[in-house]
Amino acid sequence: MKLCEAVKLYEADKKGMEKGKETESHGIEQRKKFLSIYPIESIPNLTIEQYVIGNDNSFSHWLRYELYDVASMGNARPAIFKVYTKKDTGSQIHLLSSYPKFGSNSEAFNFLKNEIVNFLEDIKQENYNNFKKYKIDSRVKSMLMAVYFDDRFVPVCTEGTIDDCLNRMNISFEKKATMVEKNLTLVKWKKSMPELADWSNQILLDFCRWLKEKNINIDKEELCNNEVIEKEKKIEEAKKIEEEIASLNLDGDSQKAIVKVRVNQGIFRNDLLKRYNRCCLCDVKAPALLIASHIKPWAESEPKEKLDVDNGFLMCPNHDKLFDKGYITFDDNGKIIIFDELPENDKELLNIDSRKHIELTEDNKKYLKFHRENVFKNKLKF
């Protein structure tokens, strides 16, 4: 089924929609309560009693039971939190044997808290490559992401659920990818779909559940009428910009500058703002300071490519200039590649280093291949 048709059916299902919104509303309230009790900065100071899954108001109890409407952990056993109580031993605290190298519960517990804090710090900094590194159950990691960074992730805790969401939407993904990589793929896809771009991540998940209940799969490449109209609008806007530039009789850098101005006044920039809402490489969020940067340059692009959202990144002025001039590019994993003759002092001042990366869609990659081979690799020495 086409996406636009499925969305209409879902929105027409009043009972389903109301249930989804009610779940979202309750989840928001519960999340606020949890964060008031357990902000990230409180985690290092938790006692083992405040953390253990057996206590009704504990950190782990909240994640497993009280935040069900934020994200469900399915039939997860208490042992996934590493510290738990057993019914047959009353309130006696047990530490899962996966921390055998420590001589006491307190040492192991301090290690566990550090793992949680460091994991959350990596997620905060958008350093997703270390997802598998931490000795925390993947369902707990996903729950922590959904609770502490709800605007970034679909609230999914199990591999089967995220895979089903991607498959039902007919979104390509690597089966061996981590949960966080799959989640980001789904969120980026949502932002690129006009029908879904304004939805919360919670409503997107509810839509996926509804699709599963109705046994509906979304067609991969068949476009709905409104999508066709959107693409035609973009091609028409690109033609108008081309005609305007031609009438000015400009060339070289003057022509590029006018193109940049015009592109940043229309559809292309708006699409990128919806998708990213910040510089793709740093934390600059002020809309007035964000620039729509083409990956494959305007002059080299086909009409359908000129205003394709996948042919662009949203960047702050510094990073836009570096990317536009070929001083930086990215590999297919989003890892930054820096022109080797750029002085170290300039790198520091311009806020670029080898640890930086950018999140990519599959369609970004074909444009980046062009950028690496024609903009970056052929950059003149200075």
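Details of the structure are given in the entry above.
Residues numbered from 1 in each chain as written. Predicted model: local features only at pLDDT ≥ 70, side-chain atom pairs only at ≥ 80, totals over all residues. Heavy atoms only, no water.

Engineer: Help me out: how do you make sense of the overall build of the chain in this one?
Structural biologist: A tally of helices and strands in the chain yields 16 helices and six strands. Judged by the C-alpha coordinates and their principal axes, the chain covers about 85 × 55 × 35 Å. Among the 382 residues that make up the chain, the fraction classed as buried is 48%. Put simply, of all contacts in the chain between residues at least 6 apart along the chain, 64% involve residues at least 24 apart. Element-wise, carbon and sulfur atoms account for 47% of the exposed surface of the chain, whose accessible area totals about 20200 Å². Taken together, the 63 basic and 64 acidic charged side chains of the chain have centroids lying 3 Å from each other. (Helix = DSSP H or I, 4+ residues; strand = E, 2+ residues; numbered from the N terminus. Buried < 20%, exposed > 50% of the residue type's maximum accessible area, 1.4 Å probe, protein only. Contact = heavy atoms within 4.5 Å. Areas by Shrake-Rupley, 256 points an atom, 1.4 Å probe, with all protein chains shown as cover. Lys, Arg positive; Asp, Glu negative; His and termini not counted. Charge placed at Lys NZ, Arg CZ, Asp CG, Glu CD.)

Engineer: Is there a simple way to think about the nonpolar core in this case?
Structural biologist: A general trend in soluble globular proteins is that nonpolar side chains are found buried together. In terms of nonpolar packing, the biggest core is built from 69 residues, with F59, Y148, M169, L186 and F207 touching the most fellow members. Excluding its chain neighbours within four sequence positions, the residues that come into contact with F59 are F34, Y38, I43, L46, Q50, Y51, L144 and Y148. Listed in part, the 35 residues of the second largest apolar core include L281, C316, I328 and L368. (Core = buried A, V, L, I, M, F, W, Y, C linked by side-chain atoms within 4.5 Å.)

Engineer: Explain the pattern of salt bridges here, please?
Structural biologist: Two side chains carrying opposite charge are able to pair once their charged atoms lie near each other. Evaluation of the coordinates by the stated rule reveals 19 salt bridges. Here R31 makes a salt bridge to D150, at a shortest N to O gap of 2.8 Å. Of the two residues, R31 sits in helix α2 (residues 14-37) while D150 sits in the loop between α6 (138-148) and α7 (159-168), which places them 119 residues apart along the sequence. On the accessibility criterion, R31 (17% relative accessible area) is buried. Ionic contacts of the salt-bridge type, sharing partners, join the residues E126, R278 and D283 into one network. (Salt bridge = Lys/Arg side-chain N within 4 Å of Asp/Glu carboxyl O.)

Engineer: So what exactly am I meant to see when it comes to the packing of aromatic side chains here?
Structural biologist: To describe a pair of aromatic rings, one takes the distance between the centres and the angle between the planes. If you walk through the whole model with that rule in mind, you get 19 aromatic pairs. Ring centres of Y128 and F153 lie 6.1 Å apart, and the angle between their planes is 80°; this geometry places the pair in the edge-to-face category. Taken together, the positions of Y128 in the loop between α5 (105-124) and α6 and F153 in the loop between α6 and α7 put the pair 25 residues apart, joining distant regions of the chain. By the burial criterion, Y128 is buried, and F153 matches it. An aromatic cluster is present here, built from F34, Y38, Y51, F59, W62, F109 and Y148 joined pairwise through their rings. Here K141 stacks its cationic end above the ring of F131, 4.8 Å away from the centre of that ring. (Phe/Tyr/Trp six-rings, centres within 6.5 Å; stacked < 30°, edge-to-face > 60°. Lys NZ or Arg CZ within 6 Å of the ring centre and 35° of its normal.)

Engineer: Please explain the pairing of strand β3 (residues 291-294) as it appears in this structure.
Structural biologist: Neither face of β3 is open: one carries I291 and S293, the other A292 and H294, and all of them are buried. Bridge analysis of β3 against strand β4 (residues 312-315) gives four bridges, and the strand direction is antiparallel. The residue bridging S293 from the neighbouring strand is F313, located in β4. (Pairing = 2+ DSSP bridges.)

Engineer: I tried to follow the state of the cysteines on my own but got confused; where do I start?
Structural biologist: Throughout this description, disulfide means a covalent bond between two cysteine sulfur atoms. In the structure shown here, the tally under the stated rule is zero disulfides. No disulfide involves C279; its sulfur sits 3.5 Å from that of C282, the nearest cysteine. Left unpaired, C280 is separated from the closest cysteine sulfur, that of C279, by 6.3 Å. (Disulfide = S-S within 2.5 Å.)

In short, geometric facts, not functional conclusions.
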